[in-house]
Each structure stands twice: as structure tokens, then as C-alpha cells.
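# Observations on chain architecture
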Amino acid sequence: MITSLNWLKNYVDTDLSPEKISDLLTSLGLEVEGMKEVESIKGGLKGIVVGQVQECIKHPNADKLSLTKVDVGGEETLSIVCGAPNVATGQKVMVATIDTMLYPSDGEPLKIKKGKIRGEVSEGMICAEDELGIGIDHNGIIVLPENTAVGTTGHAFYQIENDVVYDIGLTPNRSDATCHLGVAKDLAAALKIQHGQEGIIKKPSVDNFKINNHDLPVEVVVENSEACPRYAGVSIKGVTIKESPDWLKNKLLSIDVRPINNIVDITNFILHELGQPLHAFDMDEIAGQKVIVKTLPDGSKFLSLDEQERTLGDKDLMICDGDSNGMCIGGVFGGIRSGLKDSTKNIFLESAHFNAKWIRRTSTHHDLRTDAAKVFEKGSDPNICVFALKRAAALIVELAGGEIASDIVDIYPNPIEPAKIKVQYDYVNRLIGTAISPKEINEILLALGMEITAESTDSFTVSVPTNKADVTRPSDVVEEILRVYGLDNVPVPNQMRSSMVEREHPDPNQVKNAIAEFLAANGFNEIMALSLSESKYYKEILPLEENELVWVNNTSNVHLDIMRPTMLFSGLEAVLHNQNRQQHDLKLFEFGKTYKRRTGDGGQRTAGTAQETINVKRMFEEQEHLTLFVTGQRWGESWRNPEKADADYYTLKSFVDNVLARLGLSGFQQTAEQGGEYGYAMNYHRGAKSIVRFGKIQPKICQNIGIKNNVFYADFDWGTLVKAAKKNSITLVELNKFPTMRRDLALVIGNDIKFSDLAALAGKVGKKLIKDINLFDVYEDEEKLGKDKKSYAISFTFENPERTLNEKEVDKVMNELIRTYEEKTGAVIRR
């Protein structure tokens, strides 16, 4: 929120510097995120002076230029080449001297330099309105009154106002500080309590408000008092729509609000002065001189002020005319038909209090984040409506002419009274952390305009003004006291106390973050899918027993009718979503939960809160997972990898193995599986407990979802994985300083023999010397090898941590290994 210091000083007197005021506002909870000096005219007209043209003759080398001699009050007259058609001897003019920076109304800033124009010296510039940035006229130079003193600065002549504006980061709870008067009240309280100043608020007067006649009465009907608790308005006839006076335009420009015309500018001025949004209607466009506050049927159309046709919902509050035609989206945005025009003569001025929730819903639904909507969303003051209306109406009569032509209509069926909150004195001191006397507390609350209505030796009851919508509890009252007392005045304790906290090791969150960072570093993107899913997946694609599903009554999205029993389909939906947007090469991961109903309990509930909770937990199974999805190309397109290679089972396996290695886990049993969601899969397990299943998803499942290419899927039991990681210990092993030896072996074996079988036999035979076993080639050819035969090429790496190996002992192990393979697996060694 942009706040002007000059504007604040209209309501509170202070001699503090702008920097100290900035610090004071921040300590009050109105954090100043930035401050800057501004002038009512950019650049402040520095270097601009009043001059008198003493001589004006035609330029010898240009028909449209003139050579002038101008007295600017200095020792010498200035020679200036001027192109204006109206320049003449004797005129008083505005002169930009050498090195002056001009900020024209249109175009880039310009620095005045001494130079030659068509061979003649020019020592400045005689300026037009647009060149000074004070208007748009470029028909000729500015000609000043004859009695204007030569040498008067442009800053003094145009009475330029210097100002400081603060950019305040207003938090959602500060409904009382959405305007200059609200900020001034906080500032005045702090000045009084912390700096000993008077801290008196000079509230604007409405004594000049006067009803002239009753020529334009308006009937108001509020059909929805929940959405609109208060609605006030008044008619004004005979106004003239025109440009606002300079003081009003300067006020708005200082806070980056663009002036439009006198009526609109007054409503914006009141919004930023009092925090009360107003709206002016063209009275002649209100059918039947009747205003109805209501909602319209769902799907109704409304043409808003920005010429956009908007489709209304049945929860959008509308301000309608007597024929129920929408004129304005209440508290959010006006309509084009009833908006002000240059020809408007009669207006109806609205000042209302709208329900914050209704405004927030409508504002976000239509994406209309107007200044008015922002104020109503925080909670406007319902009891300032009529005061703001009188203030605005009086200004309109002053600046636009006309007469107030009706009584004030004020529909306020259920007046909102100030909240009464009882607070204990010791509660205040305990929460703040220091002792504040009851007298000081009373003075602070009084400075904030919060009246104490009852008091005892140990407590008080305070009446909270209705502009503080967020002050509803004793702790909120304490916050108000602390803001003005000053957080810096709370002493820092001399002692620091801490307690030992026992935490799980490893911390589950740290483990999760470590794996997430590892996957992200390897090109994965994290997805966060809904825990809700569609039951049709488990009826039509991957059938599950209905009594295993956890059903939900989802009236907002009826198709999302169960809690997901697997992580599969939420991930496939993410794959499909990306592929539909031309993202085909994907690596995704998700941490999430699945939900199933246990089928053995029968769903019995036991009366009694604690027992019922236990039984409900027994009825349902909630399990944590980490899932990986890989599809598309193995690596991105690059000149280094000209050949495309699809991701496959082994691509996924490498990531699965690396996740387990990152957690320091190994030694799992491995079982190949088929069925369910997998076309083929591997299960890493310890006994009956599965750690991770991974493999290729059945193509028909992908096709039913709408995915055409292969998807590879890994499903980790994350809870079991974290428990296993807790038991893992880190051991340090010295690097072997002795060289290794390698032997390769090619053997023909049956298709039923797995590499894991061969590795296990090698581990038994050479467990003391064999460090690594690697399958580096597989060859299949029925004609050369025989039916159901394959050839494996395996490398064995030998090492001894205590000494250098010799050929004989390696050959001994290899011979024993060959004999074992021949006897145990029927292998034929290819020599």
C-alpha cells in the first residue's frame, strides 16, 4: 500500500524525520518495504526559471526559428534559439537553463546543453507545457502574467510539493490500516506513547454537508443482508464532469493513482483517505429510480466497465436497477451502462459495507483484484459508511457543482456493535514478557481509540472499534498493546534456557529430502497428485475388491469418489498431462500415501470417542510410498547422443538401485514377478516384506489411460525403507593399495540359469579374493549354441587387501569356479 507523508500530516502533526517515521511505522506492524521522495511534477522543475524576452528576431538560416535574448535575472542575458510560433518581445516565459533535466509529458527525459542550432548559439530553452511535464499542450510556449517576477524558480511559481511516500507491506489482519487516516491513527498513538507528543488526530469535517432538496429520491431494497449488512446512498443533481483541481490530482498521483475526472477522483480520494470504497452511478440510467441489492440467476450476463461480458454465478452480489438489470458487481467492479460519462448530470452515490467472504469469492472468480475489493476482503468498517458518504457528497458539490437532492438512504437492519473483550492484566504481561502497569495499558488503548468499558484490579474489558475486524480475542488485544508499547522496549532476558530434545535417527524428513534432491539431480521432477481418485480405474482397468476401497462423498467433484488405493493412476495422469503438452521424455517421482479398507473387520464401530478412534484406525490401512515413473527417451536430444535410445527396464533399475545405495541398503532377495499392474517386474524383498517393486506397466493399462508409449514404474514401501535405513550403519574401509587382477570367462548355459545364480556361486568359491563380478555380454543363437541356450561373458575382479596377488592363486580360484559352474549349472566353458 502506497502512503503519502504529506497526506498523513493532514491528520497528525509530527516533526520526526521521514526516516524515523518509517522506522516507527515498521515497529507498529506496518512494515515499510520502501520509501522515496517524489514531487507533484517530476523533477521538481529544478533549473527552470522565469525569464523575459528582451529581443526577438528571425533566424537568418531558418524560416520557422527565432533568435531571442532572454533576461533570467542573472548577470548576462541568454541567447536562445526558439521554434515556437508565439514567441515575442516582452513576454514572461519559462526558461530551462543549461544542464537542466526536463521530463516531458510524452517521451524520454532530456538534458539541456549549450549548442548551435543552424549556426546560432543557444544557451537554454523556452518551454511549452508538455516540455515541462505540466500538461499536454505543444502549440506554443507558456506565456506568464506580466507581473511575474523575473528569476522566480519554476518550483516556486508552480508551488511544487515535495513529498515522501512509503510502500507499506500491509498484512491481511490490518483492516484498520487500509487508508491514510487508519495509518495516521496508529502513528498518532505511537507518537503519544513513545515520543511524548500530543498525538491528536485531526479527522476531516463533514459540517458542510447539506441536503438542498428532495428532487431525486431513490428507493433502495436490500434482498441479501448477509452479503450486504449495510447500504447507504444519496442523490446529487446538476453536477459537471470535468478535470479535478491540482491539489486533488497531486494527492492521487503521489500514491500512483491516475486521475480520471472530478467525481471518480473524489471516490478514489475517499477510499484512500477513510478506507471506504464508494461507487457513483449515472442517476438517469437507474430504471425506476430504484436500487435493488440482490443476486442474479446463475449464468446471467453482465457487461462490466472494461467492456468485458462476464458470466455471473448465483453467489455474485449485484447492484441492480428497478428492472433487476445489473449495474455493478457489488464491492468489486462497475458496469458500463450505469457508469459515469462526460454528459452525466445527476448521480447516485453509494457507500456500503459488504461481507468479506462474498467479495473475496467474487473477486477471485472474475479475477478482478480492484482496490475496493481488497479493502472489503480485509473487512471494511460498517460504521463509517454514512460519514464517508457525507464527506464525498460535500466534496462533489464543492468541485463539481450541483445540489444534494435526496435524504441519505441508510439500510442497516442489524447494526454491528463494537466487540467487548475481557483481558487479564497478568495475561498481558505474561504474553509480552515484561511488566506494563495498568495505567500504561489504559493510555495505550485510549491512544488507539479502544475504550475501556469496565475495569477491576486484575482485569479490564475493552470496546474494540469496528474498523479492527481482526481483533476478536484477548491475544489480539495484547498484540495491539505491544505494537504501540514497542517491541524494542521489551527487555531481552539475561538468561537463556534450553531443553534437550530427542529426535528419531535418521530424521524421516531429512531422509525424504535427501532422496528428493538425489532424484532431482538425476533429472527427475517431483509431482504432487491428489489423494483422491476415480473408482472406475479399479473397476475397469485394474480391478480391486470394492470392500477394499475407501469411499468419499465428494459433492464438488463427484468423479473423484475414493481415496487412492495405489499410486499408479495419479502418476499416469501426470504422464498423460505432460505428453498432451508435447513433453514426452519424462522422469517423475512422488512421495505420497495410499488408502485401503481392511477387509477382516466388517466395519464395526464402538461407542465412545477413544475406542471409536482405535476401531476406525483398525478399519483402514494408510501406507507411505515413493514412486518413480520413467518414459520416453533415455537421455535428451544432443549432438553427443545422435542415436535415440528409449528408456527401458534397466534405466529404471539403475535409479532404483541408486536410491537404495544412497540410503546404504543392499543385500535384498530378488524375485521376478508378472501380473497386476506390471507386464514384468522385479521385487526386492526381505522375506515376505517387499521393499520395492519395479518394472514395465502393462501396455493395456497405459492405453486405457490414453498413453501410447511404454511407462516404467517403481513403487517403494517408504515406511519400510526408512525403518531399514535406521538400522544401517556407516563403516569406513581403507582404500586398497595393492593392484587388482581381472579374469574373463565365457560360458554357455541354459536359459533357466540366471546371472544372480552364477554370482552367488562365485561368491562362495572366491569370497576372500573376488571383489566384483560383472556380466558384460549376452549372446543368443539357437543354431550355434543349441536350443534354449545362451552365452554369458562375465568378468571377475580379484584383490587382496594385505598383499599383491600372484597368477597361481588367481588361476586356482578360476579353475575351481569353472569346475563348480560345470557341475552345478551344466555350463560349457567357451575357450
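Residues numbered from 1 in each chain as written. Predicted model: local features only at pLDDT ≥ 70, side-chain atom pairs only at ≥ 80, totals over all residues. Heavy atoms only, no water.

Scanning the chain from terminus to terminus reveals 23 helices and 42 strands. Its C-alpha atoms put the chain at 120 × 90 × 65 Å along the principal axes. Split into buried and exposed, the 831 residues of the chain put 47% on the buried side. Across the chain, contacts joining residues at least 24 apart in sequence account for 70% of those joining residues at least 6 apart. Element-wise, carbon and sulfur atoms account for 47% of the exposed surface of the chain, whose accessible area totals about 44200 Å². Both charge centroids of the chain, one from 97 positive and one from 119 negative side chains, sit 7 Å from each other. (Helix = DSSP H or I, 4+ residues; strand = E, 2+ residues; numbered from the N terminus. Buried < 20%, exposed > 50% of the residue type's maximum accessible area, 1.4 Å probe, protein only. Contact = heavy atoms within 4.5 Å. Areas by Shrake-Rupley, 256 points an atom, 1.4 Å probe, with all protein chains shown as cover. Lys, Arg positive; Asp, Glu negative; His and termini not counted. Charge placed at Lys NZ, Arg CZ, Asp CG, Glu CD.)

Further remarks concern a negative patch on the surface. A surface patch of negative charge is lined by Asp752, Asp757, Glu782, Glu783 and Asp788. Along the polypeptide, Glu783 turns up in helix H22 (residues 782-785). (Patch = residues over 30% accessible without salt bridge, like charges linked within 9 Å, V, L, I, M, F, W, Y side chains within 5 Å. Salt bridge = Lys/Arg side-chain N within 4 Å of Asp/Glu carboxyl O.)

Let us now look at helix H2 (residues 18-27). Among all positions of H2, only Ile21, Ser22, Leu24 and Leu25 are buried. Mapping the buried residues of H2 onto a view down its axis gives an arc of 165°, with all of them on the same face. With respect to the buried face of H2, the exposed residues turned more than 90 degrees away are Lys20 and Asp23. Contacts from the buried residues of H2 go to helix H1 (5-8), strand E2 (32-39), strand E13 (162-168) and helix H5 (180-195). (Arc of directions from axis to C-beta.)

This next bit is on the sheet that holds E13. Across a sheet, paired strands are connected by hydrogen bonds in the backbone, their directions being either parallel or antiparallel. Taken in spatial order, the three strands line up as E1-E13-E2 in an open sheet, and their pairing is antiparallel. Edge strands, defined here as strands with exactly one partner in the open sheet, are strand E1 (2-4) and E2. On average, each strand axis in the sheet is inclined to that of its neighbour by 25°, with strand direction left out of account. Sheet analysis places E2 next to E13, joined by seven bridges and oriented antiparallel. Among the inter-strand pairings, Met35 is bridged to a residue of E13, identified as Tyr166. (Pairing = 2+ DSSP bridges. Axes fitted to C-alpha atoms, helices over the stretch in contact; angles between N-to-C directions.)

Another aspect to go through is the packing of helix H11 (residues 425-432) against helix H13 (residues 474-485). In contact at an axis separation of 10 Å, H11 and H13 are set at 65° when each is read in the N-to-C sense. For the pair H11 and H13, the crossing hand works out as right-handed. Residues Tyr427, Val428, Leu431 and Ile432 of H11 touch H13, and the partners they reach there are Pro474, Ser475, Val478, Ile481 and Leu482. For the contact of H11 with H13, the residue count by class is eight nonpolar, one polar and no charged. (Left-handed = near helix turned anticlockwise from the far one by under 90°. Nonpolar A, V, L, I, M, F, W, Y, C, P; charged D, E, K, R; others polar.)

Moving on, we come to the packing of aromatic side chains. Counting across every chain of the model gives 19 aromatic pairs. Plain terms: the ring middles of Tyr537 and Phe569 are 4.5 Å apart, the flat faces sit at 10° to each other, and that makes the pair stacked. Pair noted here: Tyr537 is in helix H15 (residues 536-541) and Phe569 is in helix H16 (residues 568-579), with a separation of 32 residues, a long-range link. You can call Tyr537 buried: its relative accessible area is 8%. (Phe/Tyr/Trp six-rings, centres within 6.5 Å; stacked < 30°, edge-to-face > 60°.)

What follows is about the nonpolar core. Counting 78 residues, the largest nonpolar core has Leu25, Ile270, Ile396, Phe460, Val477 and Ile481 as the members making the most contacts within it. Looking at which element gives the most residues to this core, the answer is helix H10 (residues 385-400), with ten residues. (Core = buried A, V, L, I, M, F, W, Y, C linked by side-chain atoms within 4.5 Å.)

Here three strands make up an open sheet; going across it, the order is E26-E28-E27 and the pairing antiparallel. In this open sheet, the two strands that pair with only one neighbour each are strand E26 (419-424) and strand E27 (451-455). In this sheet, adjacent strand axes meet at a mean angle of 30° when their direction is disregarded. Note: E26 against strand E28 (residues 459-464), six bridges, orientation antiparallel.

Attention shifts here to the pairing of strand E33 (residues 586-597). The pairing of strand E29 (residues 525-526) with E33 spans two bridges and is parallel. In the sheet register, Glu526 faces E33, and the bridge partner there is Phe589. Where E33 lies against strand E34 (residues 620-631), twelve bridges are found, and the strand directions are antiparallel. Bridged to Tyr595 within E34 is Glu622.

A grouping of Leu303, Leu305 and Ile336 is seen on the molecular surface, where their side chains present a nonpolar patch of about 230 Å² in accessible area. Looking at the secondary structure, you find Ile336 in the loop between strand E22 (333-334) and strand E23 (347-353).

Considering the arrangement of structural elements, one finds Lys251 in helix H6 (residues 246-254). Excluding residues that lie within four positions of it along the chain, Lys251 makes contacts with Trp7, Asn10 and Phe269.

Taken residue by residue, H5 has His180, Leu181, Gly182, Val183, Ala184, Asp186, Leu187, Ala188, Ala189, Ala190 and Leu191 as its buried positions. Of the residues trailing H5, Gly196 is marked for its positive phi of about 70°.

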